[in-house]
Amino acid sequence: QVQLVESGGGLVRPGESLRLSCVGSGIILGFYNMRWYRQTPGKQRELVATLYRGLSTDYADSVNGRFTISGDSAENAVYLQMNSLKSEDAGVYYCNANRDERNDYWGKGTLVTVSS
């Protein structure tokens, strides 16, 4: 059974940092395109960052230069380091592993709150 479990969310003040983790079981994350999405109430889920099979990365313009996605094959995990957080970064962050339409998996999310 495939599981993705996110953790690391919490309440921080603007300008602070958080590191989110996504640990996989049942699949090897390095064989997948790994993505972090975020969602806030009333808005569509937004793609934040992508790690292409452990190699290259891509970021939404809104987080480029502040967020870093990375992977650890030994831990079978993907991380999202979020620096200089802004109020608009708040939301539920979801981890996604995708190879194709049949091999597409989601975690249950972790909540990030940014407030002074």
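Definitions and cut-offs
- Residues numbered from 1 in each chain as written.
- Predicted model: local features only at pLDDT ≥ 70, side-chain atom pairs only at ≥ 80, totals over all residues.
- Heavy atoms only, no water.
- Helix = DSSP H or I, 4+ residues; strand = E, 2+ residues; numbered from the N terminus.
- Core = buried A, V, L, I, M, F, W, Y, C linked by side-chain atoms within 4.5 Å.
- Buried < 20%, exposed > 50% of the residue type's maximum accessible area, 1.4 Å probe, protein only.
- Contact = heavy atoms within 4.5 Å.
- Salt bridge = Lys/Arg side-chain N within 4 Å of Asp/Glu carboxyl O.
- Lys, Arg positive; Asp, Glu negative; His and termini not counted.
- Polar contact = N/O pair within 3.5 Å; in protein donor to acceptor, adjacent residues only side chain to side chain.
- Pairing = 2+ DSSP bridges.
- Axes fitted to C-alpha atoms, helices over the stretch in contact; angles between N-to-C directions.
- Phe/Tyr/Trp six-rings, centres within 6.5 Å; stacked < 30°, edge-to-face > 60°.
- Lys NZ or Arg CZ within 6 Å of the ring centre and 35° of its normal.

S.K.: Any details on unusual backbone geometry? Residues and values, ideally.
M.R.: Residues other than glycine seldom take positive phi values, yet Asn76 does so here, at roughly 50 degrees. Here Asn76 shows up in the loop between strand S7 (67–72) and strand S8 (77–82). Not every positive phi belongs to a glycine, and Ser84 is a case in point at roughly 50 degrees. Mapped onto the elements, Ser84 comes out in the loop between S8 and strand S9 (91–98).

S.K.: Go over the nonpolar core, please, and point to the residues and values.
M.R.: In this structure, Met34, Trp36, Phe67, Ile69, Leu80, Met82 and Tyr93 are the most contacted members of the largest nonpolar core, which totals 28 residues. For this core, the secondary-structure elements that each account for two or more residues are strand S3 (18–25), strand S4 (33–39), strand S5 (46–52), S7, S8, S9 and strand S11 (110–114). Residues in contact with Leu80, not counting those within four places in the same chain, are Leu18, Arg19, Leu20, Trp36, Val48, Ala49, Phe67, Thr68, Ile69 and Tyr93.

S.K.: Go over the pattern of salt bridges, please, and point to the residues and values.
M.R.: Applying the stated criterion across every chain, the model contains three salt bridges. Across the pair Arg38 and Asp89 runs a salt bridge, and its minimum N-O distance is 2.9 Å. Of this pair, Arg38 sits in strand S4 while Asp89 sits in the loop between S8 and S9, and the two are 51 residues apart along the sequence. For the pair formed by Arg38 and Asp89, the shared burial category is buried. Put simply, Arg38, Glu46, Arg66 and Asp89 are held in one network by salt bridges that share partners.

S.K.: So what's going on with the side chain of Arg35? Residues and values would help.
M.R.: Counting through the fold element by element, Arg35 comes out in strand S4. There is no salt bridge for the buried Arg35, and the closest opposite charge comes from Asp104, which lies 6.3 Å off by N-O distance. A distance of 3.5 Å separates polar atoms of two side chains, one belonging to Arg35 and the other to Thr50. Sequence-distant contacts of Arg35, defined by excluding residues within four places in its chain, comprise Leu47, Ala49, Thr50, Tyr52, Tyr94, Cys95, Asn96 and Asn98.

S.K.: I'd love a proper account of the sheet that holds strand S1 (residues 3–7), names of residues and values included.
M.R.: Strand order in the open sheet formed by four strands is S1-S3-S8-S7, with antiparallel pairing between adjacent strands. Both edges of this open sheet fall to S1 and S7, since each of them pairs with a single strand only. Between one strand and the next, the sheet's axes are offset by a mean angle of 15 degrees, whatever the strand orientation. Bridge analysis of S1 against S3 gives five bridges, and the strand direction is antiparallel. The residue of S3 that forms the bridge with Gln3 is Ser25.

S.K.: Could you give me a rundown of the packing of aromatic side chains, with the residues and numbers involved?
M.R.: Under the definition given, this model contains two aromatic pairs. Here the aromatic rings of Tyr37 and Trp106 are separated by 5.0 Å at their centres, their planes lie at 45 degrees, and the arrangement is tilted. Here the residue Tyr37 occupies a position in strand S4, and Trp106 occupies one in strand S10 (residues 104–106), the gap between them amounting to 69 residues. Among the residues examined, Trp106 registers a relative accessible area of 36% and is labelled partly exposed. In this structure, Arg19 packs its charged tip against the face of Tyr79, placed 4.1 Å from the ring centre. It is Arg45 that lies over the ring of Tyr94; its NZ or CZ is 3.9 Å from the centre.

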